[in-house]
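Spelled out, the chains give:
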Amino acid sequence: MYNVLGNVAASFFQPRIVAGGAAEAAIRERQWVCRCREGDETAMTALISRHRGRLVRTATNLLRDRHEAEDVSQDAFLKAFREIQKLRDDRAFSGYLYRICVRLCMDRLRSRRPEVVEFDSIQPHSGGAVEDRVVVERLLTQLPAELRTTLVLREMEQLSYEEVAEAMHVPVGTVRSRLHTARERFRKLWIEAVAE
Amino acid sequence: MKTRVFGCGKFRRLMYEQGDRELSPREANFLALHREVCRPCERREIEGASALDLLRMGALQPEVRPQYEERVLRKLRVQTARDTWRYWSPALTGAAIAGVAIISAMQMVSRSTTLPVFRPSGQDARLLRMSHQGLPILLLDWDVSSTEASSPSAVRLDP
Ligand SMILES: [Zn+2]
């Protein structure tokens, strides 16, 4: 009986504890952002440690190049710190940083020359993870930056429509229509690649 | 004979949206019914799902290289130093030009003290002969009767 009650109490309080932890982390982050404005490098290091993983992963999936992705993610931190006076609400640092990173990635994608991709023989789901990644990379290069970014943020980064809209600084309706177009194009490209 | 099926556009939209949100019972019913009567849409749905599965499997999970933070901070310090230099360099250049101008002016003033100083007083001092190495002799003639004797009334070269 005691154990049952204990479990109920634990499960009842768990979300509160998690929410409390998140709130605590948010408060700490706000303090770091505040200290960043004064040029405190310790606070900057804390913010970099907190966000680097997500930024590097998103940039890698968008650019499909680890070294370039790391460069871009670092540039995003630099830009965010140098222009931190533009950030009105300290609570919004995470979104502000992520937006900068996505924008920098899109700039890189736009500046790339369109590649002529030839598929020798792609067997659907024949290869291992490495082959899948190569195929995905080749198919993605054929999509324009806006469609590619929308697709990657939704399908690989698992962002909601609202989060994609915020990251790309576009309305949710635009995300919806771009996503539909991107998925359709990706499907057609994949069919063409398999057929070749 | 080809049978035309209505609602293919709606099906294509919903076939992707079912992965993004929970469809209403009406929408889910529409998908099921349309799938049964429209083979191309059914095939398209399977292809779309396979393509998106492949895309998700192609996601990368890169590891961040060590000393990432240190590298960002180093870049930031370099950029800040460069910005500081850029900010102050116009002022420093201006100051340098002004300094050179002041030094040149001071040198000119100090040289000008070696030139003859003439204060007209009486008839004898009416004419001034100015000569310098290698330059023609210059004669300056003052009209001492004039009240404005600060500048010569005639300037001519000595023949
Ligand atoms: Zn149909």
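Per chain, residue numbering runs from 1 following the sequence as it is written. Each chain is given a letter, starting from A, and each ligand a number, starting from 1, according to the order in which they appear as written. With pLDDT at 70 or above as the cut-off, local features in this predicted model cover only qualifying residues; side-chain atom pairs require 80 or more to be listed or tallied, and sums for whole chains, interfaces and linings still use all residues. Side-chain numbers here rest on the full set of heavy atoms in the structure, without hydrogens or water.

Draft legend 1. Layout of the overall build of chain A. Only DSSP runs of H or I with at least four residues qualify as helices, and only runs of E with at least two residues qualify as strands; both kinds are numbered from the N terminus onward. Broken down by element type, chain A carries eight helices and zero strands. Walking chain A from its N terminus toward its C terminus, one meets helices and strands in the order α-α-α-α-α-α-α-α. Residue exposure (1.4 Å probe, protein chains only): buried if accessible area is under 20% of the type maximum, exposed if over 50%, otherwise partly exposed. Counting over 196 residues, chain A shows a buried share of 42%. Here, two residues are considered to be in contact whenever any of their heavy atoms come within 4.5 Å of each other. Of the contacts made within chain A by residues no fewer than 6 positions apart, 64% connect residues no fewer than 24 positions apart. Of the roughly 10,600 Å² of accessible surface on chain A, 51% is carried by carbon and sulfur atoms. The accessible surface values rely on the Shrake-Rupley method and a 1.4 Å probe; as for residues, cover is taken only from the protein chains in view.

Draft legend 2. Summary view of the coordination of the zinc ion. Residue and element names in this part refer to chain B. Metal donors were taken as nitrogen, oxygen and sulfur atoms no farther than 2.8 Å from the ion, or 3.2 Å where the ion is Na, K or Ca. Water is excluded, so coordination may look unfinished. For the zinc ion, the full set of protein donor atoms is Cys-8 (SG), His-34 (NE2), Cys-38 (SG) and Cys-41 (SG), at a range of 2.1 to 2.3 Å. Around the zinc ion sit four donor atoms; with metal-centred angles ranging over 104 to 114°, the donor geometry is tetrahedral. Each donor residue of the zinc ion belongs to the same chain, and together they define the spacing C-x25-H-x3-C-x2-C. In this pair, Cys-8 sits in helix H1 (residues 8-17) while Cys-41 sits in helix H3 (residues 39-57), placing the two residues 33 residues apart along the sequence. Across the pair, exposure class does not vary: Cys-8 and Cys-41 are buried alike. Angle rules define the geometry names used: all angles between 85 and 135 degrees makes four donors tetrahedral, while opposite donors over 155 degrees apart and all other angles between 65 and 115 make four donors square planar and six octahedral, leaving every other case irregular.

Draft legend 3. The packing of aromatic side chains, seen in detail. Under the pairing criterion, centres of Phe, Tyr and Trp rings, with the six-membered ring standing for Trp, must be within 6.5 Å; the plane angle then separates stacked pairs below 30 degrees from edge-to-face pairs above 60, leaving the rest tilted. Counted by the stated rule, this structure contains four aromatic pairs over all chains. Among the aromatic side chains, those forming a connected cluster through ring pairs are A:Phe77, A:Phe81, A:Phe93, A:Tyr96 and B:Tyr68. Counted as over-ring charges are cases with an Arg CZ or a Lys NZ within 6 Å of the ring centre that also lie within 35 degrees of the ring normal. Of note, A:Arg54 hangs over the ring of A:Tyr98, and the distance from its end group to the ring centre comes to 3.8 Å.

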